[in-house]
Amino acid sequence: MAKLLLNLRNVPDDEADDVRAFLDAARIEHYETRPGPFGISAGGIWVREDEDVPRAKRLMAEYQHERAIRIRAEREQARRDGTAETFADVARAQPLRVVLSILAILLLVGLMALPAILIGR
């Protein structure tokens with residue numbers, strides 16, 4: 001029976017490509033399901049054979065460890081170079097998104113505080 005190895009929700013294309021590549025290199029049979037049209041299902045990469053699952057998970061753990069080290073190093077280098085994305089960069093690039101996010105946060109905090117305010121009366 002097939003087992004899910006990687007849920008593709010919020011997974012960058014390069015990471016999914018790397019996973020496909022190391023599964024192919026290890027000759028582990030796999031298939032991919034595509035995301036649903038309404039965003040309900042995200043799609044995934046599945047390992048076909050049960051006996052391949054432990055090896056695939058081990059390879060996945062090694063890959064994720066190496067990727068985490070590489071991404072952290074790239075982020076630190078970008079921070080030192082001054083090219084890392086900051087809140088100000090995001091606010092300049094997507095001001096409507098930032099304003100709507102702040103309003104949503106304030107609304108949620110207000111709704112959470114409302115019972116305490118009403119009880120205190």
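Given the structure is predicted, the values throughout are model-derived calculations rather than measurements.

Student: Is there a simple way to think about helix 4 (residues 95-119) in this case?
Tutor: What sets the pattern is the α-helix's 3.6 residues per turn: residues three or four places apart point alike. With 25 residues, helix 4 extends 37 Å between its outermost C-alpha atoms, agreeing within 8% with the 36 Å of an ideal straight helix rising 1.5 Å per residue. Its maximal kink placed at A113, helix 4 deviates by approximately 35°, while the proline P115 follows within four residues.

Student: When you look at the packing of aromatic side chains in this model, what are you seeing that I'm missing?
Tutor: Where two aromatic rings form a pair, the distance of their centres and the angle of their planes describe that pair. Enumeration according to the criterion identifies two aromatic pairs in this entry. Considering the side-chain rings of F22 and Y63, the 5.6 Å spacing of their centres and the 40° angle between planes classify their relative orientation as tilted. In this pair, F22 is assigned in helix 1 (residues 13-25) and Y63 in helix 2 (residues 53-81), connecting sequence segments 41 residues apart. Accessibility assignment for this pair places F22 and Y63 in one class, buried. Ring geometry for Y31 and W46: centres 6.3 Å apart, planes at 5°, overall stacked. You can see Y31 sitting in strand 2 (residues 30-33) and its partner W46 sitting in strand 3 (residues 44-47), a full 15 residues away along the chain. Judged by relative accessible area, W46 falls into the partly exposed class, the value being 25%.

Rules of the game
- Residues numbered from 1 in each chain as written.
- Predicted model: local features only at pLDDT ≥ 70, side-chain atom pairs only at ≥ 80, totals over all residues.
- Heavy atoms only, no water.
- Helix = DSSP H or I, 4+ residues; strand = E, 2+ residues; numbered from the N terminus.
- Expected span 1.5 Å × (residues − 1).
- Bend = angle between axes of the 7 residues up to and from the residue.
- Phe/Tyr/Trp six-rings, centres within 6.5 Å; stacked < 30°, edge-to-face > 60°.
- Buried < 20%, exposed > 50% of the residue type's maximum accessible area, 1.4 Å probe, protein only.

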